[in-house]
Amino acid sequence: MSNVFKNITKSLVETVYKYFGNSSGNMLLLTSIIGVALSSIAQTGAVLLNKNYSTSQKAFMAPQELAEGCMTIFSMLLITRPIQGLAKKYVSSGKILTTDMKKYLEKHSLLEKRGNADFNLPQSVNNIVEKIKISDEFVKASENKRNKLLFEHTEVLNSYDRTLDATSAIATTAGGILSTAIVSPLIKNLVASKYQSVTMDTISKYNNGCIANSTGLKI
């Protein structure tokens, strides 16, 4: 049983890394969601196993714990994903640049285009690379010379990827803080208030029905 659990865990970790390992932002978001989900399940289990709670209390508290966990995850996705998208747009449009990226854009007369709706930094670099690859100089060059011709362009694309990854991680962290500290508590309070009202009304009707049945009254 131990080996089965270990293999399942290993497979899950490998799958998660395969699809999210190349993005720190998505990895942070995923691990946060998993953490919230596991915490919610654990708290629900603790409520159900607690002998100090009555059946009616468990019937109210267990679904509330699960609902609050779902609300937290929902608010994280609702807030974080748009912030991630905005951060990606700022980097790809050149509004967020490293010093090396700025120098590259200046050298190739692209700096004045940054921030425009139709400007995409990696696409612009790839367009330059494609022109180099079909040039006579590149076609006739040795492997070493070809690498030198492409070096600065490859480096700026690597710099872009690192900047995008770092910006995504920062955006995810900011979105997570905003959702868990402000948005999620507001949503949970509204849902809990409504749920408590409905549940207490149901429990009240149930208890009244039990009392009526025990006295032989029709309900």
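Since this is a predicted model, take the numbers as computed values, not measurements.

This part is about the packing of aromatic side chains. Inspection of the entire model under this criterion finds 0 aromatic pairs. Cation over ring: Lys95 sits above Tyr90, and NZ or CZ is 4.9 Å from the ring centre. Note that Arg146 overlies the ring of Phe138, its terminal NZ or CZ placed 4.9 Å from the centroid.

Bringing helix H4 (residues 99-107) into the picture now. If you check which residues of H4 are buried, you get Met101, Tyr104 and Leu105. For H4, the buried positions fall inside an angular range of 95° around the axis, keeping them on one side. Of the residues in H4, the exposed ones pointing more than 90 degrees away from the buried face are Thr99, Asp100, Lys103 and Lys107. Just downstream of H4 lies Ser109, where phi reads positive at about 55°.

All right, on to the nonpolar core then. Soluble globular proteins tend to bury their nonpolar side chains together. Tyr104, Leu105, Leu121, Val125, Ile132 and Val156 are the most contacted members of the largest nonpolar core, which has 18 residues in total. Of all the secondary structure elements, the ones that give two or more residues to this core are H4, helix H5 (121-133) and helix H7 (143-214). Setting aside chain neighbours within four positions, we find Val156 in contact with Met101, Tyr104 and Val125. Formed by 5 residues, the second largest nonpolar core is a distinct cluster that contains Leu29, Ile33, Val36 and Ile73.

For the rest of this paragraph, the subject is the confidence of the model for the chain. Taken as a whole, the chain shows an average pLDDT of 84; of its residues, 78% reach a score of 70 or greater. Across residues 214-219 the pLDDT falls below 50, and counting only partners more than four positions away or on other chains, this stretch makes 4 contacts in the model.

Our focus in this paragraph is a nonpolar patch on the surface. Residues Ile34, Leu38, Ile41 and Leu66 make up a contiguous nonpolar surface patch of about 370 Å² in total accessible area. Counting residues per element, the nonpolar patch draws most heavily on helix H2 (residues 24-49), at 3 residues. For Ile34, the location among the structural elements is in helix H2.

What counts and what doesn't
Residues numbered from 1 in each chain as written. Predicted model: local features only at pLDDT ≥ 70, side-chain atom pairs only at ≥ 80, totals over all residues. Heavy atoms only, no water. Phe/Tyr/Trp six-rings, centres within 6.5 Å; stacked < 30°, edge-to-face > 60°. Lys NZ or Arg CZ within 6 Å of the ring centre and 35° of its normal. Buried < 20%, exposed > 50% of the residue type's maximum accessible area, 1.4 Å probe, protein only. Helix = DSSP H or I, 4+ residues; strand = E, 2+ residues; numbered from the N terminus. Arc of directions from axis to C-beta. Core = buried A, V, L, I, M, F, W, Y, C linked by side-chain atoms within 4.5 Å. Contact = heavy atoms within 4.5 Å. pLDDT = per-residue confidence, 0-100. Patch = residues over 30% accessible without salt bridge, like charges linked within 9 Å, V, L, I, M, F, W, Y side chains within 5 Å. Areas by Shrake-Rupley, 256 points an atom, 1.4 Å probe, with all protein chains shown as cover. Salt bridge = Lys/Arg side-chain N within 4 Å of Asp/Glu carboxyl O.

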